[in-house]
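In case you want the letters, here they are:
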Amino acid sequence: MQMASKVVKPQHVLPELEYSMGALEPFMSRETLEYHYGKHHRGYVNKLNSLIAGTVFEDARLEDIIRKSPGTILNNAGQVWNHSFFWRCIGPNGGGGPAGELGNTIKRSFGSVDAFRQHFKKVATEKFGSGWTWLIKTRDEQLAVRNTDDADNPLRSGDAPLLACDVWEHAYYIDYRNDRAKYLDAFWNIVNWKFVEENLAWRRQ
Ligand code: FE
């Protein structure tokens with residue numbers, strides 16, 4: 001009797017972008033998207049799938065891999081999650097400011113939306129080396145701006161990510177060279193506040 005061969009399918013896939021590669025211009029170029037999404041993000045997905053094959057993480061949810069895996073697996077799982085989230089934090093109809101409950105909460109927490117932007121930019125530009133800058137909702141329901149190193153992710157400390165900005169050099173070097181502050185200034189023009197507002201309702205899993 002012939003055994004049915006196991007269908008090997010990649011556990012994690014590169015998500016479709018909800019916009020075209022040139023849609024974020026002039027704030028983020030087509031070339032940046034082609035490299036950042038098309039090569040860096042794709043590379044993390046492929047590497048993660050090859051690393052987890054045959055391990056206890058093979059069938060695990062991405063969030064569980066991030067919370068429980070060590071070293072290289074964690075680095076690639078974190079980067080897969082972080083980038084998938086980042087692409088949804090920005091978009092061609094972005095810009096403006098936060099509305100509704102998020103707008104009010106940001107004003108209460110930081111004084112004003114402008115003060116929040118300035119604080120976020122300061123934290124992001126002061127981040128040494130590669131990583132991410134986040135607006136998070138902490139375990140005690142407070143808003144805060146935090147950096148994480150490399151591929152790390154707020155889920156690992158039990159915080160809820162609301163907004164992410166990739167501050168690895170690969171995110172801005174093509175468009176802004178070494179000027180991370182200029183990249184941050186441009187970032188606000190493409191932030192998809194609708195998505196960030198939805199994340200306020202995040203339920204811990
Ligand atoms: Fe990146």
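This text follows the structure it describes.
The shown structure was predicted, so the numbers you read here are calculated from the model rather than taken from an experiment. (Residues numbered from 1 in each chain as written. Predicted model: local features only at pLDDT ≥ 70, side-chain atom pairs only at ≥ 80, totals over all residues. Heavy atoms only, no water.)

K.L.:
Teacher, can you tell me more about the environment of arginine 108 here?
P.N.:
Among the secondary structure elements, arginine 108 is positioned in helix 4 (residues 100-110). The exposure class assigned to arginine 108 is exposed, which follows from its relative accessible area of 66%. Sequence separation of arginine 108 and glutamate 18 is 90 residues, and the distance between their C-alpha atoms is 32 Å. (Helix = DSSP H or I, 4+ residues; strand = E, 2+ residues; numbered from the N terminus. Buried < 20%, exposed > 50% of the residue type's maximum accessible area, 1.4 Å probe, protein only.)

K.L.:
For this particular structure, what's the right way to read the sheet that holds strand 3 (residues 160-166)?
P.N.:
In sheet architecture, strand pairing relies on hydrogen bonds along the backbone and comes in two forms, parallel and antiparallel. Judged by pairing direction, the sheet is antiparallel, and its 3 strands sit side by side in the order 2-1-3 without closing on themselves. Unpaired on one side and paired on the other, strand 2 (143-149) and strand 3 mark the two borders of the sheet. Neighbour-to-neighbour, the strand axes of the sheet open up by a mean angle of 25 degrees, direction not taken into account. By the bridge criterion, 6 bridges tie strand 1 (residues 131-137) to strand 3 in an arrangement that is antiparallel. By the bridge assignment, lysine 137 is partnered in strand 3 with alanine 160. Sitting on the sheet, helix 3 (residues 71-89) touches strand 1 and strand 3, and the angle it makes with strand 3 is about 85 degrees. Relative to strand 2, helix 5 (residues 113-126) is tilted by about 20 degrees, and along the sheet it contacts strand 1, strand 2 and strand 3. (Pairing = 2+ DSSP bridges. Axes fitted to C-alpha atoms, helices over the stretch in contact; angles between N-to-C directions. Contact = heavy atoms within 4.5 Å.)

K.L.:
Whenever I open this one, the nonpolar core confuses me. Can you help?
P.N.:
Burial of nonpolar side chains together is a common tendency in soluble globular proteins. Counting 63 residues, the largest nonpolar core has Phe116, Phe120, Leu135, Leu163 and Phe187 as the members making the most contacts within it. Here this core gets 9 residues from one element, more than from any other, and that element is helix 3. Setting aside anything within four residues of it in sequence, one finds leucine 135 in contact with Ile106, Phe110, Phe116, Phe120, Leu143, Ala144, Val145, Ala160, Pro161, Leu162 and Leu163. (Core = buried A, V, L, I, M, F, W, Y, C linked by side-chain atoms within 4.5 Å.)

K.L.:
How should I be thinking about the packing of aromatic side chains in this particular structure?
P.N.:
Here the structure, examined in full by the defined rule, presents 18 aromatic pairs. Consider the rings of tryptophan 81 and tryptophan 134, whose centres lie 6.5 Å apart with planes at 40 degrees: the pair is tilted. One end of the pair, tryptophan 81, is in helix 3; the other, tryptophan 134, is in strand 1, and 53 residues separate them in sequence. There is no split in this pair, since tryptophan 81 and tryptophan 134 are both buried. Here the aromatic rings of phenylalanine 86 and tryptophan 87 are separated by 5.2 Å at their centres, their planes lie at 50 degrees, and the arrangement is tilted. A relative accessible area of 3% places tryptophan 87 in the buried class. Members of the aromatic cluster, connected to one another through ring pairs, are Tyr37, Trp81, Phe85, Phe86, Trp87, Trp132, Trp134 and Phe195. Note that arginine 117 overlies the ring of tryptophan 188, its terminal NZ or CZ placed 5.7 Å from the centroid. (Phe/Tyr/Trp six-rings, centres within 6.5 Å; stacked < 30°, edge-to-face > 60°. Lys NZ or Arg CZ within 6 Å of the ring centre and 35° of its normal.)

K.L.:
Can you walk me through the pattern of salt bridges in this structure?
P.N.:
Side-chain pairs of opposite charge can arise whenever the charged atoms involved come near each other. Applying the stated criterion across every chain, the model contains 9 salt bridges. Between aspartate 185 and lysine 121 there is a salt bridge, with the nearest N and O atoms lying 3.0 Å from each other. With aspartate 185 in helix 7 (residues 180-187) and lysine 121 in helix 5, this residue pair connects regions lying 64 residues apart in the sequence. A relative accessible area of 25% places lysine 121 in the partly exposed class. Notably, a salt bridge pairs lysine 137 with glutamate 141, separated by 3.8 Å at the nearest N-O pair. Three or more residues are tied together by salt bridges with common partners; here these are Arg61, Asp64 and Arg67. (Salt bridge = Lys/Arg side-chain N within 4 Å of Asp/Glu carboxyl O.)

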